[in-house]
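# Structural features, examined
For reference, the chains in residue letters:
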Amino acid sequence: ADKFTFSFGSNVLPDVHCSYNVRKKEMKILWSSVHAENVKSTTYHHEMLGDVVLTETLVSLGGEERIHLEQLRLFLPIRDNIKVPMTLVASSNVGLKRWVMDRQVKLLAPTLLTGYGSYCINTEPDWHPEHLPLLKRGWVVGMVHVRGGGELGRKWHFDACGENKRESVLDLDECAQWIVKSGISDPTKLAGEADSAGGFLFASAANLNPHLWAALVLRVGFFDPLTSMLDTSLPLSRQDYYEWGNPLDNERVFRSLMTLSPYHNLERNREYPPVFLTAGSEDPRVPYWQVAKFMARLRQSQQQQQQQQ
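Here we summarise the structure given alongside this text. (Residues numbered from 1 in each chain as written. Predicted model: local features only at pLDDT ≥ 70, side-chain atom pairs only at ≥ 80, totals over all residues. Heavy atoms only, no water.)

### Here we look at the overall build of the protein chain
As a reminder, the rule being used: Each helix is a run of H or I in the DSSP string that is no shorter than four residues. Each strand is a run of E no shorter than two, and both are numbered from the N terminus. We compute the radius of gyration over the C-alpha atoms and compare it with the globule rule, which gives 2.2 Å times the number of residues raised to the power 0.38. Each residue is placed in one exposure class: buried if its accessible area under a 1.4 Å probe, protein chains only, is under 20% of its type's maximum, exposed if it is over 50%, and partly exposed if it falls in between.
Helices and strands together make up the secondary structure of the protein chain, namely ten helices and twelve strands. In summary, the protein chain has a C-alpha radius of gyration of 21 Å against a globular reference of 19 Å for 309 residues, a match within 12%. With respect to the principal axes defined by its C-alpha atoms, the protein chain has extents near 65 × 50 × 40 Å. Per-residue burial for the protein chain yields a buried fraction of 50% across its 309 residues.

Right, here's the structure in full:
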């Protein structure tokens, strides 16, 4: 064949789908998440700064509008000699590169963290146009590649399955604490965003350390894995045993899910960050009532806390 198609993109490079004619040595842009005529003017630069990989791009967004982006890829040392991959992106005006060169610099930027940490699914460093308005306003957008995902292979996934599911939650909690201690952000400016099993991850982390977060956006969150795994009439409970374990047959799995379940661990008289939740009325994976009862208990706990103040 004379032609083949390929795609590329990253957190700092808009997705581009191209066709290349081998015989004529010509490349044609078939589709791009920004205007195709502007992709040609995008510049791309890699640099090693100690143990951090810095990527810089200058992206044309249409007309004369451009944004200079910086991306950091690093491995954060945490407990048990584990290193968790993190990806941080911001406009050059925020100063991520300057922070790498001098760790005493305090950026204290509004920061949005995302993650998933289940089913061996990678949190891909893709171009997210919905994050562009935040980047233009001086936000840092970060991806935390916690255990339970597939970023570092099958062992990385299995290390946070079943009765070890707590490891993914602790990974996120330690990474969020590092974001604050490093001066990149602070608890009044740190937000989280996630979907489905990622909602479990962030809600569980917020239960551990609610004052670390300023806000959470959790879409169709899996807030009650214990009840779901106990109810075999649900369509996906049995096939999810490999991920969450079977609390019907294993007491350690039962106790693990009980101590992690976002719903069961909402405490009275404890202040939680503002939370925006969504649910799907016909979602077979996460029934709407999981989100509804989590919100009901969360509201009840906050009302009791406010009444005591």
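Picking up where we left off.
### Some remarks on the packing of helix α5 (residues 166-181) against helix α6 (residues 197-208)
Quick reminder of the rule: Lines are fitted to the C-alpha atoms to define the axes, a helix being fitted only along its stretch in contact, and any angle between axes, read from their N-to-C directions, falls within 0 to 180 degrees. Between 65 and 115 degrees an angle is taken as roughly perpendicular, under 35 as roughly parallel, over 145 as roughly antiparallel, and anywhere else as oblique. Two helices cross in a left-handed way if the nearer one is turned anticlockwise from the farther one by less than a right angle. They cross in a right-handed way if the turn is clockwise. We call two residues contacting when some pair of their heavy atoms lies within 4.5 Å. Under this grouping Gly is polar, as are all residues other than the nonpolar Ala, Val, Leu, Ile, Met, Phe, Trp, Tyr, Cys and Pro and the charged Asp, Glu, Lys and Arg.
Viewed as axis vectors pointing N to C, α5 and α6 meet at an angle of 65°, and their least axial separation amounts to 9 Å. With respect to α6, the axis of α5 lies roughly perpendicular. Crossing handedness for the pair α5 and α6: right-handed. Facing R166, S168, V169, L170, L172 and D173 of α5, the residues of α6 in contact are F200, L201, F202, S204, A205 and L208. Its residues assigned to classes, the contact of α5 with α6 shows eight nonpolar, two polar and two charged.

### Observations regarding the nonpolar core
Selection rule: Residues enter a nonpolar core if they are buried and are Ala, Val, Leu, Ile, Met, Phe, Trp, Tyr or Cys, with the set joined through side-chain atoms within 4.5 Å.
Counting 63 residues, the largest nonpolar core has M86, L88, W178, F202 and W213 as its most contacted members. Looking at this core, the element that brings in the most residues is α6, giving seven residues. If sequence neighbours within four positions are ignored, W213 has contacts with L113, L172, A176, P187, L190, A191, G192, F202, A205, A206 and P273. Listed in part, the nine residues of the second largest apolar core include V59, I67, V89 and L132.

### So, the side chain of D240
To keep things clear, this is the line we draw: By the criterion applied in these results, polar contacts are pairs of N or O atoms within 3.5 Å in which, for protein atoms, one can donate a hydrogen and the other can accept it, and in which residues neighboring in sequence qualify only through two side-chain atoms.
Mapped onto the secondary structure, D240 falls in the loop between α7 (225-230) and α8 (241-244). A polar contact is formed between the side chain of D240 and the side chain of Y119, at a distance of 3.1 Å. Beyond its immediate sequence surroundings of up to four residues, D240 is in contact with Y119, M229 and G245.

### Some thoughts on the sheet that holds strand β3 (residues 26-32)
Heads up, the condition is: For two strands to be treated as a pair, DSSP must find at least two bridges joining them.
Read from one edge to the other, the open sheet built from three strands follows the order β1-β2-β3, with strand pairing classed as antiparallel. Strands with a single pairing partner mark the edges of an open sheet, and in this sheet they are β1 (3-10) and β3. Pairwise comparison of adjacent strand axes, ignoring direction, gives a mean angle of 25° for this sheet. By the bridge criterion, six bridges tie strand β2 (residues 13-21) to β3 in an arrangement that is antiparallel. Considered in β3, the bridge of S19 is made with K28.

### So, α6
Selection criterion: Every helix has an expected span of 1.5 Å times one less than the residues it contains.
Here α6 is twelve residues long and its end C-alpha atoms lie 17 Å apart, about the 16 Å a rise of 1.5 Å per residue gives. Counting buried positions along α6 yields eleven of twelve residues, so the element is predominantly enclosed. Buried residues of α6: A197, G198, G199, F200, L201, F202, A203, S204, A205, A206 and N207, and no others.

### With respect to the pattern of salt bridges
Quick note on the threshold: In what follows, salt bridge is the name for a side-chain nitrogen of Lys or Arg lying within 4 Å of a carboxyl oxygen of Asp or Glu.
Going through the model one piece at a time under the given rule, you end up with 17 salt bridges. With its nearest N and O atoms 3.1 Å apart, the salt bridge here joins E193 to R219. Placement of the pair is E193 in strand β10 (residues 190-195) and R219 in strand β11 (residues 215-219), with a sequence separation of 26 residues. The closest approach of N and O atoms between E267 and R270, which form a salt bridge, is 3.5 Å. Its relative accessible area of 41% is what places E267 among the partly exposed residues.

### Looking at the pairing of strand β9 (residues 140-144)
With five of its five residues buried, β9 lies for the most part within the structure. Residues V140, G142 and V144 point to one face of β9 and V141 and M143 to the other, with burial holding for every one of them. Across five bridges, strand β7 (residues 83-91) lies against β9 in antiparallel orientation. Looking at the pairing, V89 lines up with V141 of β9. Bridge analysis of strand β8 (residues 111-114) against β9 gives four bridges, and the strand direction is parallel. Counted as the bridge partner of L112 is V141 from β9.

### Details of the packing of aromatic side chains
Aromatic ring pairs: the centre-centre distance and the angle between the two ring planes describe each pair. Where we set the bar: Aromatic contacts are taken between Phe, Tyr and Trp rings whose centres are within 6.5 Å, Trp giving its six-membered ring; a plane angle under 30 degrees counts as stacked, one over 60 as edge-to-face, and the others as tilted. Charges are assigned to positions over rings by a cutoff of 6 Å between ring centre and Lys NZ or Arg CZ, combined with an angular limit of 35 degrees from the ring normal.
This model, assessed by the stated rule, comprises nine aromatic pairs. Over the ring of W99 we find R103; its NZ or CZ atom is 4.5 Å from the centre of that ring. Between K165 and the ring centre of W244, over which it is positioned, the NZ or CZ distance is 4.8 Å.

### A closer look at helix α9 (residues 251-260)
This is how the line gets drawn: Comment: arc refers to directions from the helix axis out to C-beta atoms.
Looking only at α9, the buried set comprises V253, S256, L257 and L260. Along α9, the residues classed as buried sweep out an arc of 95° about the axis, all on the same side. Residues of α9 that are exposed and angled more than 90 degrees away from the buried face: E251 and R255. Along its buried surface, α9 packs onto α5, α6, α7 and α8. Of the residues that open α9, the one with a side-chain oxygen 2.9 Å from the backbone nitrogen of R252 is N250.

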